[in-house]
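# Overview (structure and organization)
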Amino acid sequence: MVNIISAGQPTEEAKYEQFMKRIEAGEKIEAEDWMPENYRMTLIKLISMHGISEIMGALPEKEWVPKAPTLKRKLGIMAKVQDEMGHGQLLLRVTEDLMKPLGKTREDILQDLLSGRLKFHNVFHMETKSWGDAGLIGWLVDGAAIITQTNMLDASYGPYARALKRICAEEVFHAQHGEAIILALAEGTKEQRAMVQDALNRWWEALLMFFGPGDAATTGTSKQDTTIKYRIRTKTNEELRQDFFTKYIPRVLSLGLELPDEEMYFDKEDGLWKYQQPDWSKFKEIIQNKGPKSNERLRLREIAYSNNKWVIDALQH
Amino acid sequence: MGRETEDMIVNQKDMLQKEGYLEAVTHLLFQLADDDFILAYRGSEWLGLAPHIEEDVAFSSISQDTMGHAAMFYSLLEELGAGDADKLAHARLAKDRKNAILLELANGPGTYLNEPQYDWAFTVVRNFFYVQAKKVKILSLKNTSYQPMAEAAVKVNMELYYHLLHWKTWFMQLIGAGGEARTRMEKAVTDVFKDLGGLFSQGATAVAFGENQLIDTEEQLIAAWKHEMTPIFDSLEMKMPKKFGMEKGDGRNGEHTQDLEAAIETLSEVYRLDVKASW
Ligand SMILES: [Fe+2]
Ligand SMILES: [Fe+2]
């Protein structure tokens with residue numbers, strides 16, 4: 001066969017240029033549209049990690065679901081954790097569509113998680129110790145998630161942007177749910193107040209790490225430049241962390257809590273919060289599934305998988 | 001307020017004065033509340049461990065409804081002066097609980113935090129049989145002499161349609177699949193029947209329930225349950241035993257297992273840190 005490039009068939013470069021023009025003009029890319037391989041792979045990596053993090057993120061809070069101290073709290077936290085599983089489901093569907101041309105399925109995503117190829121968010125490798133943690137996760141971890149997800153609401157990939165819109169709407173309720181738990185504790189007995197302060201102290205470093213390192217120099221790699229180039233996100237990790245401080249530091253203080261970082265202050269000169277860096281070598285460990293609870297949480301997913309394999313086999317019958 | 005409503009409220013007050021009526025209503029409400037509460041708790045332990053993510057979402061939604069029903073029954077008890085609803089749910093000892101033993105049994109080996117080797121077949125059968133029994137009871141409660149309970153029954157009934165459909169689908173699908181799934185399901189069915197009698201038991205209070213027109217008799221409820229279940233069993237070529245067992249005892253009379261003790265310890269862990277505090 002003779003290789004002919006006909007006038008109607010643009011070259012890869014032309015397609016790429018056309019694609020970049022579209023996203024730079026604010027157009028949305030849909031699942032069936034042509035997209036550069038690198039864009040597809042970036043999305044698959046980002047959204048599968050986001051989806052699996054929602055699912056793994058249900059686990060730390062789930063530890064407190066059966067233990068919630070009142071009927072109202074039991075109902076509230078059950079609904080909240082259910083939402084997180086729902087987010088996971090929604091995002092895995094978006095990923096499945098992107099993976100279709102590669103011949104991969106949800107099964108592959110779950111296998112990649114269990115084998116360690118697919119990472120889940122660093123914050124969900126941490127340990128929970130008290131009911132205060134259940135409140136703090138809803139309030140500040142979901143609060144942080146709102147900030148990163150809002151940053152991608154206008155993502156160039158349409159299906160992701162739409163999923164995020166739904167997720168963000170629910171996240172607002174999650175933050176309120178967490179704040180209500182924290183408020184009850186902060187206004188409660190001496191022991192209850194101590195429970196919140198202790199939770200904040202223990203989660204502080206994880207909250208700083210939540211947004212990822214400021215630049216690639218910290219950990220060797222960073223995807224933030226690629227995702228900004230492709231119009232998936234707009235702000236850098238550090239800008240998001242600063243937004244988080246601006247929103248939540250006043251709230252933390254107004255509850256009468258102490259900041260775990262004594263040296264932290266807002267610098268009026270450059271308009272930035274100055275804070276002590278977390279130990280980024282710990283971050284590197286955590287994202288390699290060497291965090292305090294990485295193995296236990298992965299083990300739970302592994303059990304859910306192996307223990308119910310007969311069910312899945314029967315459904316495919 | 002209409003004349004009829006006024007009459008009804010006067011009647012209700014009269015009835016609560018009647019010898020033994022309040023006690024009988026209280027007992028029945030405890031049976032209903034404790035059943036839903038402990039099963040919803042068992043459901044909440046499954047969160048994140050179900051066979052697939054869609055099921056995690058659906059099962060959790062059912063568990064929330066069920067926990068909501070428990071909360072409603074506990075608040076009816078609170079209105080009758082039995083005590084604070086949260087206290088009733090969290091602070092009572094196993095021997096004071098009235099739930100059927102079938103519902104308190106652990107989901108399988110392990111705990112929800114450590115090596116939960118939970119049994120999906122047992123969960124499907126227990127939930128399906130329970131929801132059908134609950135449906136039969138709730139229909140009977142629509143005609144109960146205690147009006148607030150009749151109103152609660154109407155609300156609960158609206159949500160049961162979906163619960164029943166959900167568990168029936170699983171039941172039919174897994175047994176219909178044959179092979180290992182059918183073997184596992186048949187074993188679960190046999191196990192559940194060993195204690196299914198406890199769901200219908202009205203314990204030592206059965207006579208008082210009848211005298212006060214609170215709910216149909218155990219025999220009537222069992223007959224109604226069998227009537228609904230027989231076609232399903234027939235279609236799957238499964239046999240239903242003539243009599244349902246109560247091998248581990250009658251929860252309505254305060255007989256319980258170690259599984260319930262352990263569950264109470266977990267579900268009240270935070271509550272017990274300070275029972276007077278507001279959480
Ligand atoms: Fe979420
Ligand atoms: Fe959330």
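What comes next is a walk through the structure. Worth saying up front: this structure is predicted, and the values here are computed from it rather than measured. (Residues numbered from 1 in each chain as written. Chains lettered and ligands numbered in written order. Predicted model: local features only at pLDDT ≥ 70, side-chain atom pairs only at ≥ 80, totals over all residues. Heavy atoms only, no water.)

### With respect to the overall build of chain B
- Looking only at helices and strands, chain B has eleven helices and zero strands in total.
- Its helices and strands taken in sequence order, chain B reads α-α-α-α-α-α-α-α-α-α-α from the N to the C terminus.
- Here chain B has a C-alpha radius of gyration of 19 Å; the compact-globule value for 279 residues is 19 Å, and the two agree.
- Each of the three principal axes of chain B carries a C-alpha extent, and together these read 60 × 45 × 35 Å.
- When each of the 279 residues of chain B is scored for burial, the buried share is 56%.
- Considering only contacts within chain B whose residues lie at least 6 apart along the sequence, 75% involve residues at least 24 apart.
- Of the accessible surface of chain B, which amounts to about 12,000 Å², a share of 53% is contributed by carbon and sulfur atoms.
- Taking the average place of the 28 positive charges on the side chains of chain B and the average place of its 43 negative ones, the gap between the two points comes to 3 Å. (Helix = DSSP H or I, 4+ residues; strand = E, 2+ residues; numbered from the N terminus. Rg over C-alpha atoms; globule rule 2.2 N^0.38 Å. Buried < 20%, exposed > 50% of the residue type's maximum accessible area, 1.4 Å probe, protein only. Contact = heavy atoms within 4.5 Å. Areas by Shrake-Rupley, 256 points an atom, 1.4 Å probe, with all protein chains shown as cover. Lys, Arg positive; Asp, Glu negative; His and termini not counted. Charge placed at Lys NZ, Arg CZ, Asp CG, Glu CD.)

### Description of a nonpolar patch on the surface
All names here are of chain B.
- A surface patch of nonpolar side chains, about 340 Å² in accessible area, is lined by Tyr161, Tyr162 and Leu165.
- Relative to the assigned elements, Leu165 resides in helix α7 (residues 147–176).
- By relative accessible area, which is 41% here, Leu165 ends up partly exposed. (Patch = residues over 30% accessible without salt bridge, like charges linked within 9 Å, V, L, I, M, F, W, Y side chains within 5 Å. Salt bridge = Lys/Arg side-chain N within 4 Å of Asp/Glu carboxyl O.)

### Focus: the coordination of the iron ion (ligand 1)
Residues and elements named next belong to chain A.
- The iron ion (ligand 1) binds to the protein through Glu54 (OE), Glu84 (OE), His87 (ND1) and Glu171 (OE); the donor distances cover 2.0 to 2.2 Å.
- Around the iron ion (ligand 1), the four donor atoms are arranged such that angles at the metal cover 82 to 154°; this shape is classified as irregular.
- The distance between the iron ion (ligand 1) and the iron ion (ligand 2) comes to 3.3 Å, with Glu84 serving as a donor to both metals. In this pair, Glu54 sits in helix α2 (residues 37–62) while His87 sits in helix α3 (residues 71–99), placing the two residues 33 residues apart along the sequence.
- With a relative accessible area of 8%, Glu54 lands in the buried category. (Donors = N, O, S within 2.8 Å, 3.2 Å for Na, K, Ca; no water. Tetrahedral: all angles 85-135°; square planar, octahedral: opposite > 155°, others 65-115°.)

### A closer look at the coordination of the iron ion (ligand 2)
Residues and elements named next belong to chain A.
- Listed as protein donors to the iron ion (ligand 2) are Glu84 (OE), Asp142 (OD), Glu171 (OE) and His174 (ND1); their distances from the metal cover 2.0 to 2.2 Å.
- Taken together, the four donor atoms coordinating the iron ion (ligand 2) and their angles of 83 to 172° define a geometry best described as irregular.
- Between consecutive donors of the iron ion (ligand 2), the numbers of intervening residues give the motif E-x57-D-x28-E-x2-H.

### Comments concerning empty space enclosed by the protein
Residue and element names in this part refer to chain B.
- Applying the stated rule across the entire model yields eight cavities of 30 Å³ or more.
- Lining the largest cavity we find 13 residues, and of these Leu39, Ile62, Thr66, Asn127 and Trp167 sit closest to its centre.
- Of all elements in the fold, only α2 (21–46), α3 (53–79), α6 (120–141) and α7 reach the threshold of two or more residues within the lining of the largest cavity.
- Looking at the lining of the largest cavity residue by residue, the class counts come to seven nonpolar, five polar and one charged.
- In this structure, the second largest cavity spans a volume of roughly 60 Å³.
- For the lining of the second largest cavity, the secondary structure elements donating two or more residues are α2 and α6.
- Taken together, the residues that form the lining of the second largest cavity break down as four nonpolar, no polar and four charged. (1 Å grid on protein atoms, 1.4 Å probe; cavity = no way out; pocket = protein on both sides within 12 Å on 5 of 7 lines; lining within 4 Å. Points joined across faces, edges and corners; volume = space filled by probe spheres on them. Nonpolar A, V, L, I, M, F, W, Y, C, P; charged D, E, K, R; others polar.)

Structural measurements only, silent on function.
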